[in-house]
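In case you want the letters, here they are:
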Amino acid sequence: MSNSIKILVLMVVFQLSLPFVTYSQELFKAKLGIKIKANNETRRAKAIDRIIKGDKLIIYVKPEVDSYVYIVNSNNSGTSLLNRKLEDQTVKSEIGGKFPRQGSAYSPDGIDGAETFVIIVSKDKNEKIIKLFSQGAISNEKWLATEREIMKTNSLLPPFELQDDMEFGGSLRGADPFWNKLRVSAGKAMITQKFEFDVKK
C-alpha cells in the first residue's frame, strides 16, 4: 500500500471517529455499582444476581460532577425511595457516596423472594421522583410507569462501549478498594442502572 493510500485511510478513520469523541465528551458519566458482602467475602453485583438472606448490599456512586442520587427499591410489598432525606440524596464528585450512609448496609430478608434496586444519578434535582415518593411507598405499577419514562428519555451508553480514556477521578487515596472495581457508565443528564436480586432464605 502506497503512502498516499495509507494517509487517505487514516484521514477517513479519523473523520469517522470524531462524532463519537464529541458525543462521549458531552455525556454525563459516573462510576456506580453494588457490593455484595456474604460471610467474609465481597463481590460486585451483576444486573441479575442471586443472594441469600443475611447478605449485605452497599451501593457505591461516584459521579464526575456533584449530583443527586435516588435509590429505588421494589419488592412484592411495593416500591420505596430508600434515601428520602435531601441530605442523603447529594453526592460530591471528589468524594463519591455509599448508600445507606453511616457505614450500614441493605439486607433483604427474603420474605418477598425478589428485590429490585434502581440507582438513578442525576445532574439536577429530580422533583418528579421526590413528589412521587413524598407520601412514602407507592405501588409497583405506579413506579414502573415512571421507570419506563426515565429509561426512554435518558439513553444510556453501556460500560462495555465506553472508551478507556473516559475514566475520570482516579483512585481515592486511603479509600475502600472496591471503588477501583467499579466501571464507568454514561448517559445524558441522568444515568439509571437496575439490579434484580433473587433472594433465598
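This section reports on the structure supplied with the text. (Residues numbered from 1 in each chain as written. Predicted model: local features only at pLDDT ≥ 70, side-chain atom pairs only at ≥ 80, totals over all residues. Heavy atoms only, no water.)

**Focus on the side chain of Ser 185**
And then number 1: Take Ser 185: it is sitting in strand S11 (residues 184-187).
And then number 2: Relative accessible area serves as the criterion here: at 1%, Ser 185 is assigned to the buried category.
And then number 3: A distance of 2.4 Å separates the side chain of Ser 185 from the side chain of Gln 193, its partner in a polar contact. (Helix = DSSP H or I, 4+ residues; strand = E, 2+ residues; numbered from the N terminus. Buried < 20%, exposed > 50% of the residue type's maximum accessible area, 1.4 Å probe, protein only. Polar contact = N/O pair within 3.5 Å; in protein donor to acceptor, adjacent residues only side chain to side chain.)

**Examining the side chain of Asn 126**
And then number 1: Here Asn 126 shows up in the loop between strand S9 (114-122) and helix H2 (127-132).
And then number 2: Of the residues examined, Asn 126 reaches a relative accessible area of 13% and is grouped as buried.
And then number 3: At 3.0 Å, the side chain of Asn 126 forms a polar contact with the backbone nitrogen of Ile 129.

**What about the pairing of strand S5 (residues 67-75)?**
And then number 1: Across the 9 residues that make up S5, a large majority, 8, are buried.
And then number 2: The pairing of S5 with strand S7 (residues 90-91) spans 2 bridges and is classified as antiparallel. When the sheet's bridge partners are listed, Ser 67 is paired in S7 with Val 91.
And then number 3: Both S5 and strand S6 (residues 78-81) contribute to a ladder of 4 bridges, which runs antiparallel. Bridge pairing in S6 links Asn 75 to Gly 78.
And then number 4: Where S5 hands over to S6, the hairpin turn is made up of 2 residues, counted between the paired strands. (Pairing = 2+ DSSP bridges.)

**Thoughts on the pattern of salt bridges**
And then number 1: In the structure shown here, the tally under the stated rule is 10 salt bridges.
And then number 2: With a closest N to O distance of 2.8 Å, Asp 49 and Arg 43 form a salt bridge.
And then number 3: Note on Asp 49: relative accessible area 8%, which makes it buried.
And then number 4: Exposure remark for Arg 43: the relative accessible area of 33% places this residue in the partly exposed category.
And then number 5: Across the salt bridge formed by Lys 128 and Glu 149, the nearest N and O atoms sit 2.6 Å from each other. Taken together, the residues span a long stretch of sequence, with Lys 128 in helix H2 and Glu 149 in helix H3 (residues 140-153) at a distance of 21 residues.
And then number 6: Each of Lys 35, Lys 98 and Asp 176 takes part in salt bridges that share partners, so that together they form one network. (Salt bridge = Lys/Arg side-chain N within 4 Å of Asp/Glu carboxyl O.)

None of the figures reported here should be taken as evidence of function without further support.
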